[in-house]
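Listed below are the residues making up each chain.
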Amino acid sequence: MNRVPAALLALALVLTACSNDDAAADPEPESAQTVSEPDAEPDEPEPEPEPEPEPEDTRPRSVLTGEPVGDEVVARPLMIVKIENSPQSRPQSGLEAADVVIEEVVEAGVTRFMALFQSEIPDHVGPTRSARPVDAQLISAFGRSGFVYSGARDEVRGLLASTPAIRISEGGAGFYRLGERRAPHNLYNRLPQALDAVERRDPDVLAGIGWVFDEDPPLGAVTCAPGEEGCADPGSTLGIAMSSSFRTGWEYDPVAGLYRRFQNGAPFLVTGPDAIGAANVVVLASRHYLGEANCHGARCPETDATTEGARAIVLRDGERYEATWHKPTAAADLELRDQHGDPFPLKPGRTWMHLPSAADMPAPIG
């Protein structure tokens, strides 16, 4: 009778041990497992933030260059200076700082420059020389701006007096003679002093001159005709016969994005550290004629700077364009138009203009 309980006790111990082994083999509860979904798509990366837009340049734009300038520049009177270009005058001072330069022909085929300064007022400009009738036509469009020149013939003085320009001639503010040069190629002007004198005489603020600017070059550039032999890149170089003895050349500098000036085949030099660099080169077909017999007994060669739509050539961005220019009266703006009659967009920057005879214009291409 005592053996039966002992056997039952042994059986109970065996069953308890088996039960404990089964419990240890059970999987972890579902809440402790990592549930994987093999068909689920991976998480998409976070989108990159949009770049911040460039802050808009709210500075005013120069009406002469189309570039941003300070408020003090747009309020500054335009200063126009007549500068010599005979061999004895080179290298000149201040030309590289001009916003616009206009080249014209005078006696003996020599050329002179009309330089327009507003963005920068260099300390010294020159050599300065005398005015011609064409200068009266050109400065009339700029209102009461300053005009600095050495003098003029009697008939030219009368023409200049009919313009609104504030005139400063030799003996006036800023003029001096440079000792190391011989007269008449040694007359210079301290332009800040001339500017001070003009500011005391109620000058005009230059509100606009009828030009438009665009960083992007327009369509319609001149190209060589298909299969044309010997046709160089039309916009890379240009030669302008200002007279039989004065030839202006321009060559595109693609690194700087500017045109470099040559005089009779040689690089054109100035006294400052900067070279001449033009964003735009503009050639205007002009009427040349003989005026009064006041040039050493001969009739003076003159240029007419008015037209209802003569031919023009424009270089910008290494491209060449055919255009027209319009200045119906002396007081009217000098406007450039494309082949559709719309304003031609110049590249923002400095502009050099040339007034050769229409008969000596570079031939059309294509």
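This structure is a prediction, so every number in the text was calculated from the model and none was measured.

Undergrad: Can you help me understand the pattern of salt bridges in this one?
TA: Think of it this way: side chains of opposite charge can pair up when their charged atoms draw near. Enumeration over the complete set of coordinates arrives at 17 salt bridges. For Arg153, the salt bridge goes to Glu302, with nearest N and O atoms at 2.8 Å. A residue pair is termed long-range when its members are at least 10 positions apart, and Arg153 in the loop between strand E4 (146-148) and helix H4 (154-161) and Glu302 in strand E15 (residues 301-304) qualify at 149 residues. Comparing Arg153 with Glu302, the two get one shared label, buried. We note a salt bridge from Arg311 to Glu322, for which the minimum N-O separation is 2.9 Å. Placement of Arg311 in strand E16 (residues 307-316) and of Glu322 in strand E17 (residues 319-327) is noted, with a sequence separation of 11 residues between them. Arg311 gets classed as partly exposed once you look at its relative accessible area, which sits at 24%. Salt bridges linked by common partners bring Lys82, Glu104 and Asp135 together as one network.

Undergrad: Quick question: what am I supposed to make of the sheet that holds E17 here?
TA: Whenever strands of a sheet pair, they do so through backbone hydrogen bonds, lying parallel or antiparallel. Spatial strand order, E5-E4-E1-E3-E2-E20-E13-E16-E17-E18: 10 strands in an open sheet with mixed pairing. Every interior strand has two partners, whereas the edge strands, strand E5 (166-168) and strand E18 (335-337), have only one. The average undirected angle you get between the axes of adjacent strands in this sheet is 25°. Bridge count between strand E2 (residues 100-105) and strand E3 (residues 111-117): 6 bridges; the pairing is antiparallel. Bridge pairing in E3 links Val101 to Ala115.

Undergrad: Just checking my understanding: could you explain the pairing of strand E11 (residues 258-263) for this structure?
TA: Of the two faces of E11, the one holding Tyr259, Arg261 and Gln263 is buried and the one holding Leu258, Arg260 and Phe262 is not buried anywhere. Linking strand E10 (residues 247-253) back to E11 in an antiparallel pair, the connection comprises 4 residues, with Gly257 at a positive phi of about 70°. Two strands pair when backbone bridges link them, and E11 and strand E12 (residues 266-267) are joined in this way by 2 bridges, in the antiparallel orientation. Its bridge partner lying in E12, Phe262 is registered against Pro267. Once E11 ends, the chain turns through 2 residues before running back antiparallel as E12, passing Asn264 with a positive phi of about 50°.

Undergrad: It is not clear to me how the packing of aromatic side chains should be interpreted in this structure. Could you clarify?
TA: Any aromatic ring pair is given by two values, namely how distant the centres are and how the planes are angled relative to each other. Overall, the coordinates contain 7 aromatic pairs when judged by the stated rule. Here Phe113 and Trp352 contribute two aromatic rings whose centre-to-centre distance is 5.4 Å and whose plane-to-plane angle is 75°, an arrangement assigned as edge-to-face. Here Trp352 lies in strand E20 (residues 351-354) and Phe113 lies in strand E3, a separation of 239 residues in the sequence. Taken as a pair, Phe113 and Trp352 share a single burial class, namely buried. Following the ring pairs from residue to residue traces out a cluster consisting of Phe113, Trp250, Phe268 and Trp352. The aromatic ring of Tyr176 is capped on one face by Arg190, whose charged end is 3.9 Å from the ring centroid. Residue placement shows Arg261 over the ring face of Phe268; its charged tip is 4.7 Å from the ring centre.

Undergrad: Just checking my understanding: could you explain helix H5 (residues 191-199) for this structure?
TA: Since the α-helix packs 3.6 residues into each turn, any two residues three or four apart lie on the same face. All buried positions along H5 are accounted for by Leu191, Ala194, Leu195, Ala197 and Val198. The buried residues of H5 all sit within an arc of 160° when viewed along its axis, so they share a single face. Close packing links the buried residues of H5 with strand E1 (79-84), E3, E4, E5 and strand E7 (187-189).

Undergrad: Can you help me understand the environment of Asp202 in this one?
TA: Note on placement: Asp202 falls in the loop between H5 and strand E8 (212-213). For Asp202, a relative accessible area of 61% puts it in the exposed group.

Undergrad: Explain the sheet that holds strand E9 (residues 237-241) to me, please; I cannot follow it from the model alone.
TA: Strand order in the open sheet made by the 4 strands is E9-E10-E11-E12, with antiparallel pairing throughout. Strand pairing shows two members of the sheet lacking a second neighbour, E9 and E12, which therefore form its edges. Taken together, the 5 bridges between E9 and E10 define a ladder with antiparallel strand orientation. Its bridge partner being in E10, Ala241 is matched across the sheet by Arg247.

Undergrad: What should I look at first to understand the state of the cysteines in this one?
TA: Joining two cysteines, a disulfide is a covalent bond between their sulfur atoms. Overall, the coordinates contain 2 disulfides when judged by the stated rule. Note on cysteine connectivity: Cys224 is disulfide-linked to Cys231, with sulfurs 1.8 Å apart. As the torsion about the S-S bond is roughly -80°, the Cys224-Cys231 disulfide counts as left-handed. Note on Cys224: relative accessible area 25%, which makes it partly exposed.

Cut-offs used in this document
Residues numbered from 1 in each chain as written. Predicted model: local features only at pLDDT ≥ 70, side-chain atom pairs only at ≥ 80, totals over all residues. Heavy atoms only, no water. Salt bridge = Lys/Arg side-chain N within 4 Å of Asp/Glu carboxyl O. Helix = DSSP H or I, 4+ residues; strand = E, 2+ residues; numbered from the N terminus. Buried < 20%, exposed > 50% of the residue type's maximum accessible area, 1.4 Å probe, protein only. Pairing = 2+ DSSP bridges. Axes fitted to C-alpha atoms, helices over the stretch in contact; angles between N-to-C directions. Phe/Tyr/Trp six-rings, centres within 6.5 Å; stacked < 30°, edge-to-face > 60°. Lys NZ or Arg CZ within 6 Å of the ring centre and 35° of its normal. Arc of directions from axis to C-beta. Contact = heavy atoms within 4.5 Å. Disulfide = S-S within 2.5 Å.

Fair warning: the whole summary comes from geometry, so function is off the table for now.
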